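# Summary of the model geometry
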Amino acid sequence: MKRKPKALLALLLSLLLCSLLAGCGDSMVEEPVPPKAGEEACVTESTRKNAEERIISGLDSAGNSNFSVLPSLLSGPELSIRESQMKVAAATGQANEDMAIPYPASAVFLPSSCSWPRSITVLTEPTGNQYSQRILTFTQASPRSNYKLWSEVVLFPGAQIPFSASGVENVKSGDQLDAGLIATPQEAISWYANVLEEGEKSAHLQSFETGDLYLELQELRSDLSSALAASKGSQSESFTPQYSSAKILKLENGDLVIAQINSVWTRNAGKGGTAKPATSAEKALFSSKPSQSLTAQYVNVVAFFIPSSSKGTKIEVLGAEREPVSVKAS
C-alpha cells in the first residue's frame, strides 16, 4: 500500500525534527549559550541560597552517623574529608569544629560562564572565632544535577583577603595559563606541594607567604623525628597535586585558586619499634595491628591567591583543610 505524498512528507519532517532534537522526549537538554558582555551571571542568588541551605541543613541532619546522604550533598575532596571527620567524631565522641559551617555569606562570586561544570564561590561571615571563616566552593556537574559542596577551606587566623568581594566574576575550572601573574595556577599548586614535601629544602619556599599549614606540619614532623631518633626510625610525606580539578576565580588583581593536593605519610619506627598514629584523628581511624611501619593517606585542600606581577611578589596561602582518610600498618 502506497503512502499519500502529504502523509509521507509529514513523516519525513517528523523524523528529521526528532533527529535534530536528539530524541523527541523530555531527556533533551539544550546546549548552554555563553552570556554576552555585561550580562548577569548564569546562576541567580536565590539558586545559590537554596543550594547552600539544602546542603548545610542536610549535613546538620546527618550528624556523625548518616553517611548515606553525603554523596547527594558533597563532591570532590569534601566528600572524603567529611566521611573521615564523621568517623573520627563517632569514635572519639567529639566533633571536629570545622564540621560546623558558618552562615550566612559575606561575599558571593557567581559564575558568568553558562557551561558546565559550574562553580559558586562563597566567603562566609567572620565570627567571634576568626578561625571559623571559610571559603566554600559549590559545584554543579551537569544541567540536571544539584549543586554540591566541593570544598570548605578554613581561613588561617588573621588571614587578610587580598581581593575585592564585589561584583560577578568568571569562575573557571582546571589549569588556566594567565599572562601577568607571578605564576600560573599549575605552577603555584606544584610549587606549594613541593614546599610541603621538602620544607626548608624546597627551592620554592621563598615564593610563598606559607601560612599555618606549612608551619604546623614542620612542627609535627620535628616532634616525630625526635621520637623516632632513639630507634633510628624514619618518616616521609609525598604530595600529589590534583591539577585538573582546581577551581580558579579570575579577579582584577590576581587569581584565587582552590586546589586539592593528596599526600601519603609513611613512618618506620626502626628495628624493634612500633609506629603509632601521630594525631587523635589518625588514632581514631587506625584499626590495624600495630607494626614497625605505618602509612597515613591525607586529603589536603589549599586556597592560594596569586597576585599580578604589578601587585605583589609572593603567592599567599589563605587557608587549608587537611584530614587523614586512611591510616594503616604497612
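Nothing here was measured: the structure is a model prediction, and the numbers come from that model.

Each value, and the rule that gives it
Residues numbered from 1 in each chain as written. Predicted model: local features only at pLDDT ≥ 70, side-chain atom pairs only at ≥ 80, totals over all residues. Heavy atoms only, no water. Helix = DSSP H or I, 4+ residues; strand = E, 2+ residues; numbered from the N terminus. 1 Å grid on protein atoms, 1.4 Å probe; cavity = no way out; pocket = protein on both sides within 12 Å on 5 of 7 lines; lining within 4 Å. Points joined across faces, edges and corners; volume = space filled by probe spheres on them. Nonpolar A, V, L, I, M, F, W, Y, C, P; charged D, E, K, R; others polar. Axes fitted to C-alpha atoms, helices over the stretch in contact; angles between N-to-C directions. Parallel < 35°, antiparallel > 145°, perpendicular 65-115°, else oblique. Contact = heavy atoms within 4.5 Å. Phe/Tyr/Trp six-rings, centres within 6.5 Å; stacked < 30°, edge-to-face > 60°. Buried < 20%, exposed > 50% of the residue type's maximum accessible area, 1.4 Å probe, protein only. Lys NZ or Arg CZ within 6 Å of the ring centre and 35° of its normal. Disulfide = S-S within 2.5 Å.

## Observations concerning the environment of serine 287
Considering the arrangement of structural elements, one finds serine 287 in the loop between helix H7 (280-285) and strand S10 (293-307). Counting along the chain gives 41 residues from serine 287 to lysine 328, while the straight-line C-alpha distance between them is 6.9 Å.

## Quick look at the layout of surface pockets
What the largest pocket holds in volume is close to 740 Å³. In this structure, the largest pocket is lined by 25 residues; those nearest its centre are Asn96, Glu216, Thr279, Arg322 and Glu323. Of all the secondary-structure elements, those providing two or more residues to the lining of the largest pocket are helix H4 (76-92), helix H6 (212-229), H7 and strand S11 (315-329). Tallied by class, the residues present in the lining of the largest pocket amount to 13 nonpolar, six polar and six charged. Each pocket or cavity is described by its volume, and for the second largest pocket that value is around 260 Å³. Lining the second largest pocket we find Glu197, Glu198, Gly199, Glu200, Lys201, Gln218, Arg221, Ser225, Gln235, Ser236, Glu237 and Trp265. Elements that contribute at least two residues to the lining of the second largest pocket include exactly helix H5 (185-198), H6 and strand S7 (234-241).

## Examining the packing of H5 against H6
Running from N to C, H5 and H6 cross one another at 25°; their axes reach a closest spacing of 9 Å. The pairing of H5 with H6 is recorded here as roughly parallel in orientation. Contacts between H5 and H6 involve Tyr192, Val195, Leu196 and Glu197 from the former and Leu213, Tyr214, Leu217 and Arg221 from the latter. A per-class count over the contact of H5 with H6 returns six nonpolar, no polar and two charged.

## A word on the packing of aromatic side chains
Enumeration according to the criterion identifies four aromatic pairs in this entry. Measuring from ring centre to ring centre gives 5.1 Å for tyrosine 192 and phenylalanine 208, while their planes differ by 55°; the resulting arrangement is tilted. Within this pair, whereas tyrosine 192 is found in helix H5, its partner phenylalanine 208 is found in strand S6 (residues 208-209), the two being separated by 16 residues in sequence. On the basis of relative accessibility, which here comes to 0%, the residue tyrosine 192 falls in the buried class. Considering the side-chain rings of tryptophan 265 and tyrosine 298, the 6.1 Å spacing of their centres and the 50° angle between planes classify their relative orientation as tilted. On the criterion of sequence distance, the pair formed by tryptophan 265 in strand S9 (residues 254-268) and tyrosine 298 in strand S10 is long-range, its members being 33 residues apart. Exposure class is identical for tryptophan 265 and tyrosine 298. Each is buried. Through pairs of rings, three or more aromatic residues link up here, namely Tyr192, Phe208 and Phe304. Across the ring face of tryptophan 265, the terminal group of arginine 267 is positioned such that the distance to the ring centre comes to 4.1 Å.

## As for the state of the cysteines
Working definition: the covalent bond between the sulfur atoms of two cysteines is a disulfide. With the rule as written, the count across this model stands at one disulfide. Linked covalently through their sulfurs, cysteine 42 and cysteine 114 form a disulfide whose S-S length is 1.6 Å. Between cysteine 42 and cysteine 114, the disulfide has an S-S torsion of -55° and is therefore left-handed. Residue cysteine 42 is found in the loop between helix H1 (5-20) and helix H2 (45-62), and its partner cysteine 114 is found in the loop between strand S1 (105-109) and strand S2 (118-124); the two are separated by 72 residues along the sequence.

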